[in-house]
Number of protein chains: 2
Amino acid sequence: MQDEATSAPPPARARPNLAAVAALAGVSASTASLAFSGAGPVSATTRAKVLAAAEQLNYAGPDPRAQSLRRGRSGIVGVVMEDRLRDAFRDPVNIAMLDGISDELGTASLGLLLLTEPGQGGVDLSIAPMDAVILVGCSTQLDKAVVVFRQRGIPVVAIEAEPMPDVLAIDLDNRDATARAARHVRQLGHERVALVTLPLEPSHARGVLTAEREAASTAYTVRERIRGAREVFPGVTGVVASASLVEEGLIAGRELLSSADRPTAIIAQSDLLALGVIRAAEERGIRVPQDLSVVGFDGVRIEGADAYELTTLVQPSVAKGRAAGRAIVELLEGGTPAPSGFRSELRIGNTTAAAPR
Amino acid sequence: MQDEATSAPPPARARPNLAAVAALAGVSASTASLAFSGAGPVSATTRAKVLAAAEQLNYAGPDPRAQSLRRGRSGIVGVVMEDRLRDAFRDPVNIAMLDGISDELGTASLGLLLLTEPGQGGVDLSIAPMDAVILVGCSTQLDKAVVVFRQRGIPVVAIEAEPMPDVLAIDLDNRDATARAARHVRQLGHERVALVTLPLEPSHARGVLTAEREAASTAYTVRERIRGAREVFPGVTGVVASASLVEEGLIAGRELLSSADRPTAIIAQSDLLALGVIRAAEERGIRVPQDLSVVGFDGVRIEGADAYELTTLVQPSVAKGRAAGRAIVELLEGGTPAPSGFRSELRIGNTTAAAPR
DNA sequence: CTGTTAGCGCGTTCAC
DNA sequence: GTGAACGCGCTAACAG
C-alpha cells in the first residue's frame, strides 16, 4: 500500500486536516472523526488505517479551535483577578483561592485562563473564548463585561463581589467577621482604634481614609470590612494601603503611630498588613500587645512572623476557591448551584491585649 | 424599513448570530462583520443600523470561538508549570516570572492559560486552543506534548528546560552560578559541605540524594545546580526537599545537622530552603554563619528573614519571564527570536563565613 | 461602500 | 460499520 506513497513524493507539507487523513486512509471524514474521538463504533481495522494515515501525514489530531466551534465549548474558564498579577499573587490568600479553583477545574478538565481587570492593558474580557468566568474580588467596573457574558450565556461566578444580577455569589462574612474582631478589641478596653485598609480604588492610592474616598470606592470587600468595624467603633477611620504587603503595613503603621495620641489598637485588613504594623511598632519601641493591639485578617501562615501569634480572622480561602470552581462546573453541566457564604473564625493570638492604663 | 420587524414579533429568543443581526439590519453578513470589527470601510449609517439591530436582538458581538477558527488564532498562550499551582505559587521566584510573562503577553493582548504538567489530572495539554506555549521548568516528560505542538505549528518556548529540538530556550546559568557559590564556600575553607536540593522527581519525594535518584531524574534545573556544586566539591551530596518551602528546608536542615560530623556549609537550591536550614540550625543552637554557612538561590526578598542577609545567587526572574513572553510574541508575529541566557549574581550576605576551627 | 461566494476544520445527523 | 451531507459562526477575497 505504500508503493504509491514512495513513488510520489508526499505533496502536502501544509498542515493536514481530518479530511486529508480520511482521504489517505480511504474512509470518509466522519469515520475518521469517530476513530479519533473514540465515540461511536469503528472497526479496529478502520481505526488502525486512520491512525496510520494520520501518522504518515504528521497529523496531530483534531484542531481544538474547530472543536470549540463545533461543540460550542472551549473548555476554558476565565478567572478575572482585580489586580496586576504581581500584586495579587503576593498575598497567600489569593494563591490559596486560586489553588482551590484550579483543583476543581482541573478535575473537570477545564483550563484556567488568567485575566486581570481591564485598564491594566490586558486582554479584552469579552473576546476570549471562555465557557464561564470567575470574578475574584472584582469591582463593579466590570458591569459591562458582565452584561456581555450574560448575553453570551456565559455563566459568571463572583467571589466576594457586590451582588450583581445573574451572577452566582461566593461570599465571605467580611462585615460580620470584622465586627467580631472589633468587639474583641473593645472588650479589651480599647477606645482609640484605627484601621489599615486594603486598596479602595483601582489606582491603589495610598493615604488617609476619607469619607469621600470611601463613598467613591467600588471595592466591596474593603468597604464591608470597614462597615464591620464601624458597627463597633462608629466613627473609626484610618489609612489606606496600596497593596496587601508587609511593606505597606509598615508604612501605614508608621503613619498611624507617629501621632501624639496614637491608637492603642489597629485593625488591619490582612495579615500581611498587620505584620507590617507590628514592625512599625517595633521600630518605635512600642510593644505589641502591651502598648498596641493588632488584629489581622486571613489567617495565613507568614514566614518569619514566628515571634507573634497574630490575632486574626481565619478565612477558608481554599474552600472559597473550590466552591467557585465547583459551581462553575455545575453551571456548565446545566445545574443550578446555590450561592454560598463562608465564615471566618476569630483566632485570638498574642497580638491583642487589654488597653494600656 | 422597520415596518415588518414591528408587525412580526421578534421570534428568535435563542442566541442570535451575526447573520441574524445582518438580516434584521438589512445588510449582508460581511458588512455586519465589518461594522463590528471596525476594519474596512463602512458608512456611519450602516454601522448604526447594524448596531441598533444588534442591540435589539441582544447580540453581544462576534463569537470568539468562531473567530478563532476563522482567523486560525485563539489569542491564548499556554503556560505549563511543573508543579501543582499551590506549590509553584508558593515560591516568589515563580510568581515573579509569571508576572514578567503576563506583562508581555498582556501587551500583545494575549491571554494566559495556566496549565500544569499532566499526571496531576489537569487539562490534556494538546487539546486546548492555544497559539503558543511556554514551558516553565518542565521535565522531559513533555516530549509527546511537544511533538504535538510541533505538528500543529504551535511555537514552544521553554524556561530552564533540557534543550529540545524546535523549542526556544530561555536559560539560566544554574550550573555556573552554583559553581561560583560553591567556590566562594570553598575559599572560606569549608570542606564538609552538603546540598539541599529541589524535588528531583514529579512525585516530590523527600529523602537522601542518591546516585540512582539523580540519574533517574528529569529535573533539569536541579541537576544542573547539583553539577555546578560538584565542579567544586566533586563528591558532594545531601538531601532532596519535596518543595521550595521554608518548612522543607527546616526538615532537610534537621536531617543534615543531626549527624555527628555535620557539614560546616550547606548549599540550598532556593532561598526558602536556605531559610529553613537556618531555622534548623537555630533550633540546635548552631550559629549562622560562625558554625554553619548557608547559601541560597534566587535572591528573593523573604518576609521575616530580616535577621540575616542571605548569601545567595540573585537571578533575574522577572526578566526571564519577560524574555519568554517577548519571544512568544515575536514567534507569533513570524519572527525568529534568538534563545537567551540569563546570569545570576552571587550576592554575599552574612550567612557565610570562614569554616570553624 | 456593500453584496456574493467560499470556505476555516470538525461533529453529527441521517440513510445505507 | 460506514458514507454523504449539512452547518457551527464568522471573515477574507473578490465583484459590483
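Up top you'll find the structure we're talking about.
Residues numbered from 1 in each chain as written. Chains lettered and ligands numbered in written order. Predicted model: local features only at pLDDT ≥ 70, side-chain atom pairs only at ≥ 80, totals over all residues. Heavy atoms only, no water.

1. Overview of the overall build of chain A
Okay, step 1: Secondary structure summary: chain A contains 14 helices and 13 strands in total.
Okay, step 2: Computed over its C-alpha atoms, the radius of gyration of chain A comes to 27 Å, more than 25% above the 21 Å expected for a compact globule of 357 residues.
Okay, step 3: Along the first, second and third principal axes, the C-alpha set of chain A runs to 100 × 40 × 30 Å.
Okay, step 4: Here chain A holds 357 residues, and 55% of them are scored as buried.
Okay, step 5: Here the contacts in chain A between residues at least 6 apart in sequence split such that 72% fall between residues at least 24 apart.
Okay, step 6: Counting every atom, chain A has about 15,500 Å² of accessible surface; 52% of that belongs to carbon and sulfur.
Okay, step 7: Treating the 37 positive side-chain charges of chain A as one cloud and the 42 negative ones as another, the clouds have centres 1 Å apart. (Helix = DSSP H or I, 4+ residues; strand = E, 2+ residues; numbered from the N terminus. Rg over C-alpha atoms; globule rule 2.2 N^0.38 Å. Buried < 20%, exposed > 50% of the residue type's maximum accessible area, 1.4 Å probe, protein only. Contact = heavy atoms within 4.5 Å. Areas by Shrake-Rupley, 256 points an atom, 1.4 Å probe, with all protein chains shown as cover. Lys, Arg positive; Asp, Glu negative; His and termini not counted. Charge placed at Lys NZ, Arg CZ, Asp CG, Glu CD.)

2. Regarding the interface of chain A and chain B
Okay, step 1: Contact residues are listed per partner, giving 51 residues for chain A and 51 residues for chain B.
Okay, step 2: Between chain A and chain B, roughly 4,300 Å² of surface is buried when both sides are summed, and carbon and sulfur atoms account for 57% of that area.
Okay, step 3: The salt bridge involving Asp103(A) is made with Arg84(B); its shortest N-O contact spans 2.5 Å.
Okay, step 4: At the boundary of chain A and chain B, one finds 16 residue pairs in polar contact (both at pLDDT 80 or more).
Okay, step 5: With seven residues, the top contributor of residues to the side of chain A that touches chain B is helix α7 (residues 92-107) of chain A.
Okay, step 6: Of the residues contributing to the side of chain A that touches chain B, the split by class is 22 nonpolar, 17 polar and twelve charged.
Okay, step 7: One ladder, built from three bridges, connects strand β2 (residues 111-116) of chain A with strand β2 (residues 111-116) of chain B; its direction is antiparallel. Bridge assignment links Leu113(A) to a residue of β2(B), and that residue is Leu113(B). (Buried area = accessible area lost by both parts, 1.4 Å probe. Salt bridge = Lys/Arg side-chain N within 4 Å of Asp/Glu carboxyl O. Polar contact = N/O pair within 3.5 Å; in protein donor to acceptor, adjacent residues only side chain to side chain. Nonpolar A, V, L, I, M, F, W, Y, C, P; charged D, E, K, R; others polar. Pairing = 2+ DSSP bridges.)

3. Considerations on the sheet that holds strand β10 (residues 293-295) of chain A
Residue and element names in this part refer to chain A.
Okay, step 1: With respect to topology, five strands assemble into an open sheet ordered β7-β8-β6-β9-β10, the strand pairing being mixed. Two strands close off the open sheet at either side, each with one partner strand: β7 (207-208) and β10.
Okay, step 2: The pairing of strand β9 (residues 265-268) with β10 spans three bridges and is classified as parallel. In the strand pairing of β10, Ile267 is matched with Val295.
Okay, step 3: The sheet contacts of helix α9 (residues 174-187) involve β6 (193-197), β9 and β10, and relative to β9 the element is tilted by about 170°.
Okay, step 4: Lying over the sheet, helix α13 (residues 271-283) contacts β6, β9 and β10, oriented at roughly 160° with respect to β10. (Axes fitted to C-alpha atoms, helices over the stretch in contact; angles between N-to-C directions.)

4. So, the pairing of β9(A)
Residues and elements named next belong to chain A.
Okay, step 1: Going residue by residue along β9, you find Ala265 and Ile267 tucked away on one face and Ile266 and Ala268 tucked away on the opposite face as well.
Okay, step 2: Summarising the sheet, β6 and β9 pair through four bridges and their orientation is parallel. Residue pairing for β9: Val196 is matched across the bridge by Ala268.
Okay, step 3: In this view, the connection linking β9 to its parallel neighbour β10 by way of α13 has right-handed handedness. (Right-handed = clockwise from strand over helix to strand, strands pointing away.)

5. Describing the packing of helix α7 (residues 92-107) of chain B against helix α14 (residues 317-332) of chain B
All names here are of chain B.
Okay, step 1: The geometry of α7 relative to α14 is characterised by a closest axis approach of 7 Å and an angle of 35° between their N-to-C directions. Classified by chirality, the crossing of α14 by α7 is right-handed. Between α7 and α14, the contacting residues are Val93, Ala96, Met97, Gly100, Ile101, Asp103, Glu104 and Leu105 on the first element and Ser317, Val318, Lys320, Gly321, Arg322, Gly325, Arg326, Ile328 and Val329 on the second.
Okay, step 2: By residue class, the composition of the contact of α7 with α14 is eight nonpolar, four polar and five charged. (Left-handed = near helix turned anticlockwise from the far one by under 90°.)

6. As for the side chain of Arg65(A)
Okay, step 1: Within the secondary structure, Arg65(A) is located in helix α5 (residues 64-71).
Okay, step 2: A polar atom in the side chain of Arg65(A) sits 2.9 Å from the side chain of Asp131(B).
Okay, step 3: Among residues more than four places away in sequence, those in contact with Arg65(A) are Arg65(B), Ser68(B), Leu69(B), Gly72(B), Arg73(B), Ser74(B), Pro129(B), Met130(B) and Asp131(B).

7. A look at the protein's contact with DNA strand D
Okay, step 1: Every one of the 22 residues lining DNA strand D counts as a neighbour, but Thr46(A), Leu18(B), Ser33(B), Tyr59(B) and Arg70(B) are closest to it.
Okay, step 2: When the atoms of DNA strand D within 4 Å of the protein are grouped by moiety, sugar and phosphate amount to 72% of the total.
Okay, step 3: Between a base nitrogen of DNA strand D and a side-chain N or O atom of Arg70(A), the distance comes to 3.0 Å.
Okay, step 4: One nitrogen or oxygen atom from the main chain of Leu18(B) is found 2.3 Å from a phosphate oxygen belonging to DNA strand D. (Near = heavy atom within 4 Å.)

8. Describing the packing of aromatic side chains
Okay, step 1: Under the criterion given, the structure shown has three aromatic pairs over all chains.
Okay, step 2: Here the basic side chain of Arg225(A) rests over the ring of Phe297(A), its NZ or CZ set 3.6 Å away from the ring centre. (Phe/Tyr/Trp six-rings, centres within 6.5 Å; stacked < 30°, edge-to-face > 60°. Lys NZ or Arg CZ within 6 Å of the ring centre and 35° of its normal.)

9. Some points on α5(A)
Okay, step 1: For α5(A), the full list of buried residues reads Pro64(A), Arg65(A), Gln67(A) and Ser68(A). For α5(A), the arc enclosing every buried residue in end-on projection is 160°, short of the 170-degree limit, so these residues lie on one face.
Okay, step 2: Contacts made by the buried residues of α5(A) are with α5 (64-71) and α8 (143-152) of chain B.
Okay, step 3: At the N-terminal end of α5(A), a side-chain oxygen is found 2.6 Å from the backbone nitrogen of Arg65(A), two or three residues along, and the residue is Asp63(A). (Arc of directions from axis to C-beta.)

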